[in-house]
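One letter stands for each residue in the lines below.
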Amino acid sequence: MRLLFLGPPGAGKGTQAKRVAANLEIPHIATGDMLRQAVSEGTDLGLKARAIMERGDLVPDDLVIGMLMERIARDDASAGFILDGFPRTIGQAAALEDRFGGAGLDAAVVIDVDSDEIVRRISGRRMCGNGHVFHVDDAPSTEGDTCDQCGEPTYQREDDQVETVRNRLGVYRELTEPLIAFYQDRQIDFYRVDGVGGVDSITDAIMAALRP
Ligand code: AMP
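As a convention, each chain's residues are numbered from 1 in the sequence order in which they are written. Local features in this predicted model are restricted to residues of pLDDT 70 or higher, and side-chain atom pairs are both shown and tallied only at a pLDDT of 80 or more, whereas totals for entire chains, interfaces and linings draw on every residue. Remark: hydrogens and water are excluded; side-chain values derive from all non-hydrogen atoms of the structure.

(A) Spatial organisation of the packing of aromatic side chains. For Phe, Tyr and Trp, where Trp contributes only its six-membered ring, two rings pair if their centres lie within 6.5 Å, and the inter-plane angle classes them as stacked under 30 degrees, edge-to-face over 60, or tilted in between. Tallied over the entire structure, the rule returns two aromatic pairs. Aromatic side chains F81 and F100 sit 6.0 Å apart centroid to centroid with 45° between the ring planes, which places their arrangement in the tilted category. Within this pair, whereas F81 is found in strand β3 (residues 81-84), its partner F100 is found in helix α5 (residues 90-100), the two being separated by 19 residues in sequence. Relative accessibility decides the category of a residue: with a 1.4 Å probe and only protein chains considered, values under 20% of the type maximum give buried, values over 50% give exposed, and everything between is partly exposed. By relative accessible area, which is 25% here, F100 ends up partly exposed. Lying across the ring of F100, R99 places its NZ or CZ 4.5 Å from the centre. For R186, the ring lying beneath its charged end belongs to F182, and the centroid distance is 3.8 Å. A run of H or I in DSSP counts as a helix once it spans at least four residues, and a run of E counts as a strand once it spans at least two, with each numbered from the N terminus. Comment: the charge-over-ring label is applied if NZ (Lys) or CZ (Arg) is within 6 Å of the ring centre and within 35 degrees of the ring normal.

(B) Representation of the sheet that holds strand β2 (residues 28-30) in the model. DSSP-based pairing: two strands are paired if at least 2 bridges between them are found. Strand order in this open sheet of five strands is β2-β3-β1-β4-β8, and the pairing throughout is parallel. Strand pairing shows two members of the sheet lacking a second neighbour, β2 and β8 (189-194), which therefore form its edges. For this sheet the average axis-to-axis angle between neighbouring strands, irrespective of direction, equals 20°. Of the strand pairs in this sheet, strand β4 (residues 107-112) and β8 are connected by six bridges, and their pairing is parallel. If you follow V110 over to β8, its bridge partner there is R192. Under this scheme, a helix contributes an axis fitted over its contacting stretch, all axes are lines through C-alpha atoms, and angles between N-to-C directions fall in the 0 to 180 degree range.

(C) Structural view of helix α9 (residues 199-210). What a helix is expected to span follows from its residue count: subtract one and scale by 1.5 Å. Given a rise of 1.5 Å per residue, twelve residues ought to cover 16 Å, and the 17 Å separating the end C-alpha atoms of α9 matches this to within 8%. Of all the positions in α9, only I202, T203, I206, M207 and L210 are classed as buried. Buried positions in α9, seen along its axis, are confined to an arc of 135° and lie on one side of it. In this structure, α9 carries D200 and D204 as exposed residues pointing more than 90 degrees from its buried face. Close packing links the buried residues of α9 with β1 (2-6), α1 (13-24), β4 and β8. The arc refers to the directions leading from the helix axis to the C-beta atoms. Here a residue-residue contact requires only that any non-hydrogen atoms of the pair lie within 4.5 Å.

(D) Just the nonpolar core, in detail. Residue types Ala, Val, Leu, Ile, Met, Phe, Trp, Tyr and Cys, when buried and joined through side-chain atoms within 4.5 Å, form a set referred to as a nonpolar core. If you look at the biggest cluster of nonpolar residues, it comprises 31 residues, and the most contacted ones within it are L4, V59, L68, L83, F86, L96 and Y183. Breaking this core down by element, the ones donating at least two residues are β1, α3 (44-55), α4 (61-72), β3, α5, β4 and α8 (178-184). Sort the elements by how many residues they give to this core and α4 lands first, with six residues. Ignoring anything within four residues of it in the chain, the contact list for L96 reads L68, M69, L83, F86, P87, G101, G104, L105 and Y183.

(E) Representation of the pairing of β3. Burial of β3 is two-sided: the residues F81 and L83 facing one way and the residues I82 and D84 facing the other way are all buried. In this sheet, β3 lies alongside β1 in parallel orientation, the contact comprising four bridges. Residue L3 lies in a different strand from β3, and its bridge partner there is I82. Sheet topology note: the β2/β3 ladder contains three bridges and is parallel. Note on β3: the bridge partner recorded for A30 is D84.

(F) Spatial organisation of the state of the cysteines. Disulfide assignment relies on a single distance test, namely cysteine sulfur atoms paired within 2.5 Å. Under the counting rule described, the total for this entry stands at zero disulfides. The thiol of C147 is not disulfide-bonded; the next cysteine sulfur, from C150, is found 3.7 Å away. When its relative accessible area of 32% is taken as the criterion, C150 is described as partly exposed.

(G) The environment of A22, seen in detail. Mapped onto the elements of the fold, A22 is located in helix α1. Measuring from C-alpha to C-alpha, the distance between A22 and P8 comes to 22 Å, with 14 residues separating the pair along the chain.

(H) The arrangement of the pattern of salt bridges in detail. Any carboxyl oxygen of Asp or Glu that lies within 4 Å of a side-chain nitrogen of Lys or Arg is treated as forming a salt bridge with it. Tallied over the entire structure, the rule returns 16 salt bridges. Between E97 and R186 there is a salt bridge; the shortest N-O distance is 3.0 Å. One end of the pair, E97, is in helix α5; the other, R186, is in the loop between α8 and β8, with 89 residues separating them in the sequence. Its relative accessible area of 28% is what places R186 among the partly exposed residues. Linking D112 and R192 is a salt bridge whose minimum nitrogen-to-oxygen distance equals 2.9 Å. Taken together, the positions of D112 in strand β4 and R192 in strand β8 put the pair 80 residues apart, joining distant regions of the chain. Take D112: its relative accessible area is 29%, and that puts it in the partly exposed class. Salt bridges sharing common partners tie together R125, R157, D159, D160 and R168.

Set out below in structure tokens:
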């Protein structure tokens, strides 16, 4: 099963995609996580992506498509995967169509959250180097500025500061939101889920939609 999670930054795509991927026993593939890893390792791709990501703009399609195609060619993705943060442009969606034929996907899940709530969520988000995610109000680490799961320090992503979040939202509305209409017009299962509510109940709603 090839699944896409779509929605604005801060909608909870990463959180939900990880949970659903574990339930379905397929890999969760998040291009934002892969790019952050490339930046922290200082690879060629990371050096090219770093400043673009800090501004909240999109890394060029050719770079992201190359990275994603390599990832989905790995054995663990042969039975399917959940994409989180890709495609973000019509050009990236076209690359998936070319790779797999048809729409390139079996289903898309759109998580809806309004802009004020997004800014509140993202500006309070903290994470650690191992990818554990917290929120200063909604889900703080019990260890303060240290991750209560692995002991690493927690920090705010450079692109989670309020001005950058507003830019990321603008980029989302202009370049990524049109993918909703794009996939609604394709022969794939399409679900919309309200992203405001308890984490468990949102996971349940997604699983119920995927496995009626
Ligand atoms: P995310 O973790 O999904 O919010 O992504 C963080 C940042 O990585 C984005 O603001 C972009 O700069 C970059 N990025 C992630 N995925 C993509 C993509 N599919 N296309 C272009 N840039 C991306």
